[in-house]
Amino acid sequence: MASRAWASFAGLFIVTNLGLLAVGATLAVLPHYVKDNLNGSDLEVGIVSGAFAFTGIVCRPIAGNVADRRGRKPTVVVGCLLAATAGFLYFVPAGIFGLIIARFFLGAGEGTVFTAGSAWNVDMAPEETRGRMIGLYGLAIWTGLTLGPPIGVLLQHAGGFHLVWAFAAGAPLLGAAIASRLPEGYRAREDVEHGPFISREALGPGATFSLSVFGFAAVSAFIILSLDERGIGHGPAVFSVFAATVVLTRLVAGGLPDRIGAARCAVAAALIETVGLVLIGAAQDLTVVILGAIGMGAAFSLLFPSLSLVAINRVGPQRRGVAMGTFTASFDLGMLVGSPLVGAAAAIGGYSAAFYVAACASLACATFALSMSRRPEFEPLPDTLRA
């Protein structure tokens, strides 16, 4: 039984990873395509690259509700098909506007796959290892976004942009085929009242997590520019250290939320993220920057499974999709709010100010997580109420 569950998890991981590989592959080549082939501006590059976040944040709660009402598997398959549609739309010579529409489809597809897949993953996970399984499933995103860009660059060099577009369409299609063959234990029940599209139980944990995303926004946008300005350099290597730490922490310490409590783990992680961001912002040598990146990566790695576990433990199986849809949308919210805020801080006070603003947000994250650890409404529901 355990081996069968792990096989199903592996299949679901591959399905989600294929979609994120398509996202990563296009992220690496779209800026050059917009600038060189379409004569676009830097502003248009930013709009095209980030357009998928708008439909992602809208579609995640919808996808969660559909997954509860219609089932996890069909919702994941539809999400894969939406993402594949984006790949086909890249071939349409419709200029910047056409690319934005394609990215809208990509955001809808990616958001749908990960939301329904997250609920599917929780359905399969034993309660005592639920936090670890959530964390491991989240690695499908990180590995996809890490491996996707070099794949996109290699494909562009080998066969031009059209080969990248073909990969962006084909990878999610393969994901849809795999998903259609996976067993699904969840059964939607027509006699159950599913409630609204937004999960009230997930709003607090989600808003708290969105504050931690400010740190990711600062690191991804300004780590290279900031270190170059200080004469430290090695920005890409530092970002790789951060990303590798996220992955290693999930693999080695992913069970911490289950062992010490989800809210308590979130408090400790947010405090460590705060220290890491301050070190990155203040450092004058590479060693201190790397220490900050390791701390920030380890903390950020644990915050998602910790706070999502707080949300998911408050709902029954018939509301898990909505809860995960509401919670996962908080990442998009953190990027949409945090990116311009840290950008404004960098413009006003220099690059280091961006990391200090993100550190303040992480400290606020720790404060809210601490309040959750002390409030009974954030304790897990008894099994009888979650059944």
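Described below are features of the structure shown in this document. As the structure is a prediction and not an experimental result, all values here were calculated from the model. (Residues numbered from 1 in each chain as written. Predicted model: local features only at pLDDT ≥ 70, side-chain atom pairs only at ≥ 80, totals over all residues. Heavy atoms only, no water.)

## A closer look at helix H13 (residues 320-349)
For clarity, the threshold we go by: Helix numbers and strand numbers start at the N terminus; a helix is a DSSP run of H or I with at least 4 residues, a strand a run of E with at least 2. Working rule for helices: expected span equals 1.5 Å times residues minus one. We define the bend at any residue as the angle between the axes fitted to the seven residues before and including it, ending there, and the seven starting there.
The end-to-end C-alpha distance of H13 is 42 Å, a good match for the 44 Å that 30 residues give at a rise of 1.5 Å each. When the local axis directions of H13 are compared, the greatest deviation, roughly 30°, occurs at Gly 338, which is followed within four positions by the proline Pro 340. Phi turns positive, to about 95°, at Gly 350, one or two residues after H13.

## Points about the packing of helix H3 (residues 52-70) against helix H4 (residues 72-89)
Selection criterion: Angles run from 0 to 180 degrees between N-to-C directions of axes, and those axes are lines fitted to C-alpha atoms, restricted for helices to the stretch in contact. The cut-offs work like this: below 35 degrees is roughly parallel, past 145 is roughly antiparallel, 65 to 115 is roughly perpendicular, and the gaps in between are oblique. When checking whether two residues touch, look at their non-hydrogen atoms; a contact exists if any pair is within 4.5 Å. Amino acids are sorted into nonpolar (Ala, Val, Leu, Ile, Met, Phe, Trp, Tyr, Cys and Pro), charged (Asp, Glu, Lys and Arg) and polar (every other residue, Gly among them).
Orientation of H3 relative to H4, taken along the N-to-C sense of each, is 140°, at an axis distance of 7 Å. Viewed along their axes, H3 and H4 adopt a mutual orientation that is oblique. Counting all contacts with H3, which are made through Ala 63, Val 66, Ala 67, Asp 68 and Arg 70, the residues of H4 involved are Arg 72, Pro 74 and Thr 75. In terms of residue class, the contact of H3 with H4 is made up of four nonpolar, one polar and three charged.

## Looking at the side chain of Ser 8
With respect to the secondary-structure elements, Ser 8 resides in helix H1 (residues 2-37). In contact with Ser 8, not counting residues within four places along its chain, are Met 124, Leu 182 and Pro 183.

## What about the packing of aromatic side chains?
The geometry of an aromatic ring pair comes down to the distance between the two centres and the angle between the two planes. Condition: When two rings of Phe, Tyr or Trp (its six-membered ring) have centres within 6.5 Å they constitute a pair, described as stacked for plane angles under 30 degrees, edge-to-face for angles over 60, and tilted for the intermediate range. When a residue's accessible area, from a 1.4 Å probe over protein chains only, is under 20% of the maximum for its type it is buried; when over 50% it is exposed; and in between it is partly exposed.
Under the definition given, this model contains 16 aromatic pairs. Seen in terms of ring centroids, Phe 216 and Phe 300 are 5.7 Å apart; in terms of plane orientation they differ by 10°. Their pairing is stacked. Taken together, the positions of Phe 216 in helix H8 (residues 200-229) and Phe 300 in helix H12 (residues 286-312) put the pair 84 residues apart, joining distant regions of the chain. We classify Phe 216 as buried; its relative accessible area is 12%. On the accessibility criterion, Phe 300 (4% relative accessible area) is buried.

Honestly, it's all geometry; don't read function into it.
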